[in-house]
Amino acid sequence: MNNKKLLIVGTMAFDEIITPNIASGKILGGAATYIGMAAAYSKAEVAIVSVVGNDFPDKYMACLRDRNIDLSGVEQQSEGVTFYWKGKYHKNMNKRDTLETQLNVLANFNPKVPHHFKDAQTVILGNLDPNVQQQVLDQLAPNPNRIVLLDTMNFWMDIQLNKLLAVIKQVDIITINDEEAIQLSGKNNLVQAAAAIHAMGPAYVIIKKGEHGALLFHKEGPFYAPALPLEEVIDPTGAGDSFAGGLSGYLATQTNSTVTEIKEGILLGTAAASICVSGLGTKALQDTNTEGFYRQLKKLEQLRSVK
Ligand code: AMP
């Protein structure tokens, strides 16, 4: 029996985002924040393991707590400041440059998985230091039906590749964007990249292609989910994490995680990502309730329907 628990580890952050039209100033961000908000549309029991500094406002914690997300695994350090990331998008918003990453309290973080989530059936290792991802895996109680997902980015490939590869070996599903799949695999073609990443461990390799949707590679062949065409993208930050949140939240509610549930989950992830990019930072996710989320999913079903 699935216990419907989803354990998320990832950053909680201050982000500063520059798009061709907006300079955000410091706002709420972080991989775990986006994953949690998107996963909260499901009926999963969601918990986050992360770390913040003494500068992290209560109102940001409340944004997550209000969605019934268990924050007992979020450590607030009395000394030190929160992880900070600054990114700038090109005119073509599929492209962005990281201008600054300050690890701050993340640099010396020893995660503690809350006792009541050690048996979580679904675990998502969101983007952060692979040493922390490993420490979370090490604290879990054995569960033969557990599904582990992983999301990462080039920053960790550049500085912690061996550790990252060791973690990748232990996961069932990896979500990664196209450029990062090419960097990780050393291949120049996505089919070859997926095969090389599959050989590193994960049975399911999901390659995210921004506004061009997502591809799932697995032993029965590829599956493609288009992104919802949008009139306006305000800010793509967090799209990949929201995708992972929608997917993992759905899987946490299912008895099985076969390829059928994973494909369904990809559609929910796609719906969450399309909501995310329609506002600055986490705003659109915050402003959209579960009904709004399912309306977005309906639009996606209409996009794919021939009737
Ligand atoms: P995405 O747009 O889905 O790639 O995710 C953006 C989020 O990832 C932002 O809210 C950042 O705070 C967070 N982020 C950026 N760089 C890193 C990093 N090196 N490790 C962990 N999280 C990061």
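Residues numbered from 1 in each chain as written. Predicted model: local features only at pLDDT ≥ 70, side-chain atom pairs only at ≥ 80, totals over all residues. Heavy atoms only, no water.

Novice: Mind laying out the overall build of the protein, listing which residues take part and the relevant values?
Specialist: Of the regular secondary structure elements, the protein holds 11 helices and 13 strands. On C-alpha atoms alone, the protein measures out to a radius of gyration of 18 Å, which is about the 19 Å that the 2.2 N^0.38 rule sets for 307 residues. In the protein, which comprises 307 residues, the proportion classed as buried is 55%. Sequence-distant contacts in the protein: of pairs separated by 6 or more residues, those separated by 24 or more amount to 68%. Summed over its atoms, the accessible surface of the protein is roughly 13,600 Å², and 48% of this surface lies on carbon and sulfur atoms. Counting 28 positive and 31 negative side-chain charges, the protein places the averaged centre of each group 4 Å from the other. (Helix = DSSP H or I, 4+ residues; strand = E, 2+ residues; numbered from the N terminus. Rg over C-alpha atoms; globule rule 2.2 N^0.38 Å. Buried < 20%, exposed > 50% of the residue type's maximum accessible area, 1.4 Å probe, protein only. Contact = heavy atoms within 4.5 Å. Areas by Shrake-Rupley, 256 points an atom, 1.4 Å probe, with all protein chains shown as cover. Lys, Arg positive; Asp, Glu negative; His and termini not counted. Charge placed at Lys NZ, Arg CZ, Asp CG, Glu CD.)

Novice: Any details on the pairing of strand β12 (residues 214–217)? Residues and values, ideally.
Specialist: Burial of β12 is two-sided: the residues A214 and L216 facing one way and the residues L215 and F217 facing the other way are all buried. Here 4 bridges tie strand β11 (residues 204–208) to β12, and the two strands are oriented antiparallel to one another. In the strand pairing of β12, I206 is matched with L216. Count of turn residues in the β11/β12 antiparallel hairpin: 5 residues, of which G210 carries a positive phi of about 55°. (Pairing = 2+ DSSP bridges.)

Novice: So what's going on with the pairing of strand β9 (residues 147–151)? Residues and values would help.
Specialist: Counted residue by residue, β9 has 5 buried out of 5 residues, so it is predominantly covered. Direction of pairing for strand β8 (residues 122–125) relative to β9: parallel, over a ladder of 4 bridges. For V123, the partnering residue across the bridge sits in β9 and is V148. For the handedness criterion, the β-α-β arrangement of β8, helix α3 (residues 130–139) and β9 is classed as right-handed. As defined by bridge partners, β9 adjoins strand β10 (residues 173–177) across 3 bridges and the pair is classed as parallel. (Right-handed = clockwise from strand over helix to strand, strands pointing away.)

Novice: Residue-level account of empty space enclosed by the protein, with values.
Specialist: Overall, the coordinates contain 1 cavity of 30 Å³ or more when judged by the stated rule. Computed from the structure, the largest cavity encloses a volume of approximately 30 Å³. In this structure, the largest cavity is lined by A38, Y41, S42, G246, G249, Y250, L268, F293 and Y294. If you list the elements that add at least two residues to the lining of the largest cavity, you get α8 (239–252) and α11 (290–304). Per-element accounting of the lining of the largest cavity gives the leading share, 3 residues, to α8. When its residues are assigned to classes, the lining of the largest cavity shows 6 nonpolar, 3 polar and no charged. (1 Å grid on protein atoms, 1.4 Å probe; cavity = no way out; pocket = protein on both sides within 12 Å on 5 of 7 lines; lining within 4 Å. Points joined across faces, edges and corners; volume = space filled by probe spheres on them. Nonpolar A, V, L, I, M, F, W, Y, C, P; charged D, E, K, R; others polar.)

Novice: Tell me about unusual backbone geometry, residues and numbers included.
Specialist: If you check the backbone angles, K4 has positive phi at about 60° while not being a glycine. Inspection of the secondary structure puts K4 in the segment before β1 (5–9). When its relative accessible area of 34% is taken as the criterion, K4 is described as partly exposed. A positive phi angle, near 50°, is found at N104, a position not held by glycine. Here N104 is to be found in the loop between β7 (96–102) and β8. We classify N104 as partly exposed; its relative accessible area is 27%.

Novice: Please give an account of the sheet that holds strand β3 (residues 23–29) that cites residues and values.
Specialist: Taken in spatial order, the 4 strands make up an open sheet running β3-β2-β6-β7, and their pairing is mixed. The sheet is open, and its two borders are formed by β3 and β7, each paired with just one other strand. Each neighbouring strand pair of the sheet contributes to a mean axis angle of 20°, computed without reference to strand direction. As paired elements, strand β2 (residues 13–18) and β3 share 5 bridges and run antiparallel to each other. Counterpart to D15 in the pairing with β3 is I27. Each of β2 and β3 is contacted by helix α1 (residues 31–39), which is oriented at about 70° to β3, the strand it contacts most. (Axes fitted to C-alpha atoms, helices over the stretch in contact; angles between N-to-C directions.)

Novice: Can you explain the sheet that holds β12? Please cite residues and give values.
Specialist: Taken in spatial order, the 9 strands of this open sheet run β5-β4-β1-β8-β9-β10-β11-β12-β13, and their pairing is mixed. Looking at which strands have only one partner, the edges of the open sheet turn out to be β5 (70–76) and β13 (223–225). Direction aside, neighbouring strands of the sheet carry axes that sit 15° apart on average.

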